Amino acid sequence: MYNTKAYSAASATSPMSSTQIARRDPTEHDVQIEILFCGICHSDLHSVRNEWSSIISTVYPIVPGHEIVGRVTEVGSAVTKYKPGDLAAVGCLVDSDGTCLNCKAGLENFCPNQILTFNSPDKHLGGVTYGGYSDSIVVDERFVLRVPSNLDLAGAAPLLCAGITTYSPMRHWGVTEGKKVGLVGLGGLGHMGVKFAHAFGAHVVVFTTSPDKKEDALRLGADEVVVSRNADEMQKHAGSFDFILDTVSAKHDINAYLNLLRLDGNITLVGAPEKPLDVAAFSLIMARRSLSGSNIGGIPETQEMLDFCGKHNITADVEVIPIQKVNEAYDRLLKSDVKYRFVIDMASLKSE
Ligand code: NAP
Ligand code: ZN
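Keep in mind that what you see is a predicted model, and the values were worked out from it rather than measured. (Residues numbered from 1 in each chain as written. Chains lettered and ligands numbered in written order. Predicted model: local features only at pLDDT ≥ 70, side-chain atom pairs only at ≥ 80, totals over all residues. Heavy atoms only, no water.)

A. Quick look at the site of ligand 1. Close to ligand 1 lie 30 residues; T208, T209, S210, K213 and R341 are nearest. Contact between ligand 1 and L186: an oxygen atom at 2.7 Å from a main-chain N or O atom of the residue. N295 has a polar side-chain atom sitting 3.4 Å from an oxygen atom of ligand 1. Computed on the free molecule, ligand 1 has an accessible area of 930 Å², of which 90% lies beneath the protein chains in the complex. Broken down by secondary-structure element, the contributors of at least two residues to the shell around ligand 1 are α1 (42–48) and α5 (188–199). The greatest single-element share of the shell around ligand 1, amounting to 3 residues, is contributed by α1. Domain assignment of the residues forming the shell around ligand 1 places at least three in each of domain 1 (2–160 + 316–351) and domain 2 (162–293). (Near = heavy atom within 4 Å. Polar contact = N/O pair within 3.5 Å; in protein donor to acceptor, adjacent residues only side chain to side chain. Areas by Shrake-Rupley, 256 points an atom, 1.4 Å probe, with all protein chains shown as cover. Helix = DSSP H or I, 4+ residues; strand = E, 2+ residues; numbered from the N terminus. Domains from an automatic or database assignment.)

See below:
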């Protein structure tokens, strides 16, 4: 066991502040990584403020962060895929049972015994797992990913959650050339979704509540932008979408989007608001529409997504901040004021 610097919150109402946490010494299958960059996901904020307590209560202190890129510093004796000096990444998962049907299918993201990067039981040290707002992390090599060497490292960090969470459902629901695809919310997840849908050749429409994001949406790859508070603009797209990915982090009217789907169209929710959404039966039954959800992605698909990004030179648009600005970043996230992912430069933690 060794100590490493981190940022944690002591309660749902406390600001994030500097602390020390314990990490295990690498066991034979472990990879130890010096963290260089960690993205800030809205899930970090939901968890820090215990907004998902009906599903998973937050154990304090919490060290969030699951968009991790860094450099390998040490490996266990049985590790074959990584060596010291390699670039490596860790996303939302650090373990799973490896034996259930979902794990066997490479869908560790649906394993009932999955261990999340933060706020999950830590079978090695007791207590809960601690995430990427930290100097270093120790992870089983099965959950460590390779970062294509051509990608900017700060821009690559958000691929580990925002990237895979949007890539996976679009692959599942067959987003390809000729399909009309909507992205609701242009934040961290939404802007990655636009990049992927565009790369897959779809006709991409962004729905935003922020009119000032219109130009960015077009630059990121959207073909059209709709300001969702404008009912006339929305009505023009009624019954026309094959697929819509909803990335909104707060309560909103899902029926307004269901009505934009064509026959057999699907909306997938990845946004996880604290409060339930109301679904009107008629929004679904009149066109055999479906509403579904999706949780990040499995390890093989996460590597596939990273390789796809390497090939197509896709990274997130990031605002790199020192860790001392994390509380300010959370406030801005709540105002939809992020273009389009905050990423912490972990070198800033060394001065704490
Ligand atoms: P984010 O960067 O804060 O983006 C959310 C966007 O939603 C905002 O930029 C805004 O876009 C829109 N929005 C916010 N409040 C709204 C409101 N009241 N009404 C309508 N639109 C609103 O957040 P994120 O990191 O992308 O995460 C988005 C959600 O996905 C969070 O709930 C997060 O926990 C969840 N998530 C889920 C998974 C999963 O596996 N399912 C993985 C990661 C994250 P506009 O300004 O364009 O309107
Ligand atoms: Zn996330």
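This is not the end of the story, as more comes after the structure.
B. Main features of the domain arrangement of the protein. For the protein, the domain assignment lists domain 1 (2–160 + 316–351) and domain 2 (162–293). In this structure, domain 1 and domain 2 have C-alpha centres spaced 28 Å apart. Opposite the 14 residues of domain 1 that make contact, domain 2 presents 19 residues. When the buried surface of domain 1 facing domain 2 is broken down by residue, L159, D317 and Y340 rank first, second and third, together holding 40% of it. The interface formed by domain 1 and domain 2 holds 3 salt bridges in total. Of the charged contacts in the structure, one is a salt bridge between D317 and K195, with a shortest N-O distance of 2.6 Å. Linking domain 1 to domain 2 there are 13 residue pairs in polar contact (both at pLDDT 80 or more). Residue composition of the side of domain 1 that touches domain 2, grouped by class: 6 nonpolar, 3 polar and 5 charged. (Contact = heavy atoms within 4.5 Å. Buried area = accessible area lost by both parts, 1.4 Å probe. Salt bridge = Lys/Arg side-chain N within 4 Å of Asp/Glu carboxyl O. Nonpolar A, V, L, I, M, F, W, Y, C, P; charged D, E, K, R; others polar.)

C. Looking closely at helix α11 (residues 326–334). Listed as buried for α11 are V326, A329, Y330 and L333. On an axial view of α11, the arc spanned by its buried residues comes to 100°, and they lie on one face. The secondary structure elements touched by the buried residues of α11 are β1 (2–8), α1, β15 (318–322) and β16 (341–345). Phi turns positive one or two residues past the end of α11, at S336, with a value near 55°. (Buried < 20%, exposed > 50% of the residue type's maximum accessible area, 1.4 Å probe, protein only. Arc of directions from axis to C-beta.)

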